[in-house]
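# Observations on the model geometry
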Amino acid sequence: MSFTTRPELRGTFGAVASTHWLASASGMAVLERGGNAFDAACAAGLVLQVVEPHLNGPGGDLPAVFWSAERGEPLVLCAQGVSSAAATIERYRELGHDLVPGTGLLAACVPGSFGGWLLLLEQFGTWRLADVLEFAIGYAANGYPVVAGIPMVIGRAEPLLRDWPASAELYLPPPEPGSTFRNPQLAETWRRVLDEARGGTREQEIERARQVYYEGFVAEEIDRFSRENGGLLTGDDLAGWRATLEPPATVDYRGLTVCKTGPWGQGPAGLQILRLLEGLDVSGLGEAELVHVVTEATKLAFADRDACYGDSAKVPLERLLSREYADERRALIGEDASSELRPGVGRLPRIRAESALTGLGVGEPTRGDTVHLDVADRFGNLLSATPSGGWLQSSPTIPALGWPLGSRAQMFWLEEGLPSSLAPRKRPRTTLSPGLVLRDGEPWLAYGTPGGDQQEQWALHVLLRHVDQGLNLQEAIDAPDWHTDHLIGSFYPREVKPRSLDVESRFGDEVIEDLRRRGHDVEVLPPWSLGRVSAVSREDGQIRAGANARAMQGYAVAR
């Protein structure tokens, strides 16, 4: 028996896996009290906003891919907020910007996560909003133990936070790891939302809560704070937006159907990689060959991502996901590491010189951003969600609300003619990439990870090890991981690192030297440093779950 950091959990009742044990425990408590997977996901997701404020928050965004047993089909939740009606390329250039800033109010889009959780709860859940929010309010009001990542991020962003009065008051000096931290203003915000929404049916309360947030006092505070501090986001922008449901983008791989978001996220890049690997015997590759081939396929798919994905123009997704196109592109994978950015369709943005780009607290921390959760219940529902944005270091805390807006607009380009060009009321092309896999048309696996541009690499590697190499969920999660930054970074300052390859040292010297001989610019990182994948699955009448030991906070619960 091979060693794993924890067992692959198995049960028949339900499972929750996430990037924080308190969220997993909260979600499982909901299942134990009769809730379904959607009730549990909402409770866990709202807890994650409290206990991982450096990785997501109420001002952030939310994609989810899920299977509703009642509807009998896979669906995508798009709770990715749009840019402001005032957000034009001309306006940003007038303000002296060549790129959308990585922090601050000019990087804000409509905060979509709350609207997304409400839509899931209303249409697929069974609980009232007050019961779902009870866990998050409790941790915000009474406190939660601080994980080490919170003070680390606060320390790194301290000069930035000192210029934001409410952020400084809340987060400085940085709390000690393990200490109890409270955010009473956040708790009060959620209590007021509940108070103003109270009465009537479950669905009526949820709809009133949406109105209170997007048209009531929350929107009014966001509007006022934005106007007073040089932002573009308005109350009208919030009132005009709603979360939506849509069909997933899919490809078949080894008899499975892999489901991702549309090209407003980067999920289709993972589907393109699977199309490229479909014509290869992945199960027969040694470790060095596996890393090399998957990395070269990743470079090709991400070049298409950077040239073609977005919300400001039509994306030729049918061609990009076709087997004919994959056959053409697969021929470009050679024995040596490519140093080129080679999209097969469209054109790349103009890449800035690195020397021209400066800034503190820019973008998203590459190996620690975002949160993730997966839920399966006894009713046959299965969900994968990757909430993000609204990080404490992204934007000033709004004093009356207790949380900041997000900075997702930094993923737009201030260049005309691209699918990802900035335009009013458009979705930025995000990196958020939850995953759902069907087997024989039935829900089988929900999986995903934080990680910015690495999300659709780390998560896909786990899928390959599970499907092609036959490892169980925990073995696949624990296996040595890697990624490349041979792509245009999605976050300010939008860097490119040709031939880069980061690998965990556990691959060993022989594999690492083989990769270097192939021309990869290999950086060897500590043994448990890449990826935070979690997953749940349904198989042979059982529910199975695995979570990541990396970062020492992810946990799965199942019975």
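That block above? That's the structure.
Structure report, in brief.

What counts and how
- Residues numbered from 1 in each chain as written.
- Predicted model: local features only at pLDDT ≥ 70, side-chain atom pairs only at ≥ 80, totals over all residues.
- Heavy atoms only, no water.
- Axes fitted to C-alpha atoms, helices over the stretch in contact; angles between N-to-C directions.
- Helix = DSSP H or I, 4+ residues; strand = E, 2+ residues; numbered from the N terminus.
- Parallel < 35°, antiparallel > 145°, perpendicular 65-115°, else oblique.
- Left-handed = near helix turned anticlockwise from the far one by under 90°.
- Contact = heavy atoms within 4.5 Å.
- Nonpolar A, V, L, I, M, F, W, Y, C, P; charged D, E, K, R; others polar.
- Expected span 1.5 Å × (residues − 1).
- Buried < 20%, exposed > 50% of the residue type's maximum accessible area, 1.4 Å probe, protein only.
- Pairing = 2+ DSSP bridges.

## Concerning the packing of helix H5 (residues 129-142) against helix H9 (residues 184-197)
- Relative to each other, H5 and H9 sit at 160°, their axes nearing to 8 Å. Here H9 runs roughly antiparallel to H5, going by the angle between their axes. Judged by the sense of rotation from one axis to the other, the crossing of H5 with H9 is left-handed. Across the interface between the two elements, Leu129, Ala130, Leu133, Ile137, Ala140 and Ala141 of H5 pack against Pro184, Leu186, Ala187, Trp190, Arg191 and Leu194 of H9.
- Partitioned by chemical class, the residues of the contact of H5 with H9 number 11 nonpolar, no polar and one charged.

## Here we look at helix H10 (residues 202-214)
- For H10, built from 13 residues, the straight-helix expectation of 18 Å at 1.5 Å per residue is met to within 8% by its first-to-last C-alpha distance of 19 Å.
- The set of residues buried in H10 consists of Arg202, Glu205, Ile206, Glu207, Ala209, Arg210, Val212, Tyr213 and Tyr214.

## Comments concerning the sheet that holds strand E3 (residues 62-68)
- A sheet is described by the order of its strands in space; here seven strands give the open sequence E7-E4-E3-E11-E10-E2-E21, paired in antiparallel fashion. Because the sheet does not close on itself, it has two edges, and the strands there are strand E7 (244-246) and strand E21 (555-558). Taken over all neighbouring pairs, the strand axes of this sheet differ in orientation by 15° on average, direction set aside.
- Where strand E4 (residues 73-79) meets E7, three bridges bridge the pair, whose relative direction is antiparallel. Directly across from Leu77, in E7, lies its bridge partner Leu245.
- Running at roughly 160° to strand E2 (residues 15-18), helix H1 (residues 21-32) makes contact with E2, strand E10 (373-376) and E21 of the sheet.

## Some thoughts on the pairing of strand E14 (residues 435-439)
- With four of its five residues buried, E14 lies for the most part within the structure.
- As judged from the four bridges shared by strand E9 (residues 256-260) and E14, these two strands associate in the antiparallel manner. By the bridge assignment, Thr257 is partnered in E14 with Leu438.
- Strand direction decides the pairing type here: E14 and strand E15 (residues 442-448), joined by five bridges, are antiparallel. When the sheet's bridge partners are listed, Leu436 is paired in E15 with Ala446.
- Taken together, E14 and the strand that follows it, E15, pair antiparallel across an intervening segment of two residues, in which Asp440 is found at a positive phi of about 55°.

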